[in-house]
Amino acid sequence: MTDQDRLVWFQGGIIPAQRAKVNALSPTAQFGINVFEGLRAYVSQDEQGLLGFRLNDHFRRLRESSALLGIDCPHSDADLLRIIRALISANQYDDDTLIRVILMIDGPGSWHSQQLPTLMVAPIQKRRQEPATWTGLHAQISSWTRIDDTSMPPRAKVGANYTNSRYGLLSARRDGYDIPIFLNRNGHVAESSGACIFILRNDTLVTPPTTDSVLESITRDTVLKIAAQLGINTLCRSIDRTEMYLADEAFICGTTVEISPVLSIDRRPVGNGLPGAIASTLMTEYIRTATTPPTGNRPWTTQLTCD
Ligand code: PMP
């Protein structure tokens, strides 16, 4: 099945992706008026089908983004889950999958239109990374400042926020780097273009607080919880640019990138310039957690298919 043949949910039904057409005059097409989520489903470690990871947390964030942008989210968690299950089955997906969920204002209108949004759900197979094949990333401290809560809240996962991400990523690539790391208006480290950031300094894993112009990342939260369970010290506090240069390890994290080591920042090697041991341990534990069938005390995973 090609990318265009895969089946998506659009305007209330399952159709091939190539037939999912957005009105060119719509607020989503013209102004990026939409909110979205990227979710993951992984093959369960007992190979009993696919497990969605922290779906309820993604659904909650979708609802919060909608509320902030003034869009009504007419879908319950149960609705969204039913649609995701139907799509995985219709596409006959049985390997690790990335699922995009978008609420868009796709009728004619302007940036201030308040009509009900249309739901688009689009899964695509995407294998998890393996630390053994990590190549690592070279990062640039961006000359672009991260958007912030006084103008375009990064807390809301809004399509238009990614114009800021685009400026930073294209500049970084033009200059020969893989990713940007944005500073916020106060000059503290915020996040990358589509992922959060962690550094290891003095045996403590440090990440900026969610009030430092970062998305309230679900992977960031997972990493903090997993690290605590492994007995690794963690700290959420503002990070200065020069601390990035002195870090023993650095990595970005997010649903799509999972945990990806950063090998250099502004051409200065991070630690010994190789993927870090803590990042590797966390990635292994992250995948173990996301592929563990749901249990009573921490139902982070949801069964999506049954073999
Ligand atoms: N920051 C930004 C700007 C992102 O786009 C993402 C990816 N959703 C993240 C952080 C990581 O968020 P999450 O772990 O919830 O995927």
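Quick note: structure is the one above.
Caption draft 1: Molecular detail of the layout of surface pockets. If you add up the space inside the largest pocket, you get close to 660 Å³. If you trace the largest pocket, you find 36 residues lining it, with Lys157, Tyr162, Ser193, Gly194 and Ala195 closest to the centre. The element that contributes the greatest number of residues to the lining of the largest pocket is helix α4 (residues 162-174), accounting for 6 residues.

Caption draft 2: Here's a closer look at the site of the ligand. Close to the ligand lie 16 residues; Tyr162, Glu191, Ser217, Thr219 and Thr255 are nearest. Between an oxygen atom of the ligand and a side-chain N or O atom of Ser217, the distance comes to 2.7 Å. In the environment of the ligand, an oxygen atom lies 2.5 Å from a nitrogen or oxygen atom belonging to the side chain of Thr255. For the ligand, whose unbound accessible area comes to 390 Å², protein coverage reaches 95%. Here the residues of the shell around the ligand are counted per class, giving 6 nonpolar, 6 polar and 4 charged.

Caption draft 3: Main features of the environment of Val189. Along the chain, Val189 turns up in the loop between β8 (179-183) and β9 (196-201). Given a relative accessible area of 0%, Val189 falls into the buried group. Distance in space between the C-alpha atoms of Val189 and Leu170 is 19 Å, their sequence separation being 19 residues.

Caption draft 4: Inspection of α4 at higher detail. Between the first and last C-alpha of α4 there are 18 Å, a value that for 13 residues agrees with the 18 Å anticipated at 1.5 Å per step. For α4, the secondary structure elements touched by its buried residues are β7 (137-145) and β8.

Caption draft 5: A look at the nonpolar core. Counting 25 residues, the largest nonpolar core has Ile84, Ile99, Leu119, Val121 and Leu304 as its most contacted members. Of all the secondary-structure elements, those providing two or more residues to this core are β3 (34-43), α2 (55-69), α3 (77-91), β5 (97-104) and β6 (118-125). Broken down by element, the residue count for this core peaks at 6 residues, all from α3. Once residues within four sequence positions are removed from consideration, Leu304 is found in contact with Ala41, Leu50, Leu51, Gly52, Leu55, Leu81, Ile84, Arg85 and Ile88. Among the nonpolar cores identified, the runner-up in size contains 22 residues, and Trp134, Ala279, Ile287 and Ala290 belong to it.

Caption draft 6: A look at the sheet that holds strand β15 (residues 301-303). Read across the open sheet, the 7 strands follow the order β2-β1-β6-β5-β3-β4-β15; overall the sheet is antiparallel. The sheet is open, and its two edges are formed by β2 (13-16) and β15, each paired on a single side. Strand-to-strand, the axes of this sheet are offset by a mean angle of 30°, without reference to chain direction. Relative to β15, strand β4 (residues 50-53) runs antiparallel, the two sharing 3 bridges. Bridge pairing in β15 places Leu51 opposite Gln303. Seen against the sheet, α2 touches β3, β4, β5 and β15 and runs at an angle of roughly 175° to β3.

Caption draft 7: Highlighting the pattern of salt bridges. One pass over the structure, following the stated rule, counts 20 salt bridges. Measuring nitrogen to oxygen at the nearest pair gives 2.8 Å for the salt bridge that ties Arg54 to Asp221. Taken as a pair, Arg54 in the loop between β4 and α2 and Asp221 in helix α5 (residues 218-229) lie far apart in primary sequence, 167 residues in all. Its relative accessible area of 6% is what places Arg54 among the buried residues. The partner of Asp57 in a salt bridge is Arg60, with the nearest N and O atoms 2.7 Å apart. With a gap of 3 residues between them, Asp57 and Arg60 both fall in helix α2, about one helical turn apart. The exposure class assigned to Asp57 is buried, which follows from its relative accessible area of 17%. Classification of Arg60 as partly exposed rests on a relative accessible area of 40%. Each member of the salt-bridge network shares a partner with another, and the members are Arg54, Asp57, Arg60, Glu64, Asp221 and Lys225.

Caption draft 8: A look at the packing of aromatic side chains. If you walk through the whole model with that rule in mind, you get 5 aromatic pairs. Each ring, one from Phe53 and one from Tyr286, has its centre 5.6 Å from the other, and the planes form 85°; the classification is edge-to-face. Of this pair, Phe53 sits in strand β4 while Tyr286 sits in helix α7 (residues 277-290), placing them 233 residues apart in sequence. Side by side, Phe53 and Tyr286 carry an identical accessibility label, which is buried. Through a chain of ring-to-ring contacts, three or more aromatic side chains come together here, namely Phe53, Tyr286 and Trp300. The ring of Tyr177 carries the charged tip of Arg267 above its face, separated from the ring centre by 4.3 Å.

Calculation notes
- Residues numbered from 1 in each chain as written.
- Predicted model: local features only at pLDDT ≥ 70, side-chain atom pairs only at ≥ 80, totals over all residues.
- Heavy atoms only, no water.
- 1 Å grid on protein atoms, 1.4 Å probe; cavity = no way out; pocket = protein on both sides within 12 Å on 5 of 7 lines; lining within 4 Å.
- Points joined across faces, edges and corners; volume = space filled by probe spheres on them.
- Helix = DSSP H or I, 4+ residues; strand = E, 2+ residues; numbered from the N terminus.
- Near = heavy atom within 4 Å.
- Polar contact = N/O pair within 3.5 Å; in protein donor to acceptor, adjacent residues only side chain to side chain.
- Areas by Shrake-Rupley, 256 points an atom, 1.4 Å probe, with all protein chains shown as cover.
- Nonpolar A, V, L, I, M, F, W, Y, C, P; charged D, E, K, R; others polar.
- Buried < 20%, exposed > 50% of the residue type's maximum accessible area, 1.4 Å probe, protein only.
- Expected span 1.5 Å × (residues − 1).
- Contact = heavy atoms within 4.5 Å.
- Core = buried A, V, L, I, M, F, W, Y, C linked by side-chain atoms within 4.5 Å.
- Pairing = 2+ DSSP bridges.
- Axes fitted to C-alpha atoms, helices over the stretch in contact; angles between N-to-C directions.
- Salt bridge = Lys/Arg side-chain N within 4 Å of Asp/Glu carboxyl O.
- Phe/Tyr/Trp six-rings, centres within 6.5 Å; stacked < 30°, edge-to-face > 60°.
- Lys NZ or Arg CZ within 6 Å of the ring centre and 35° of its normal.

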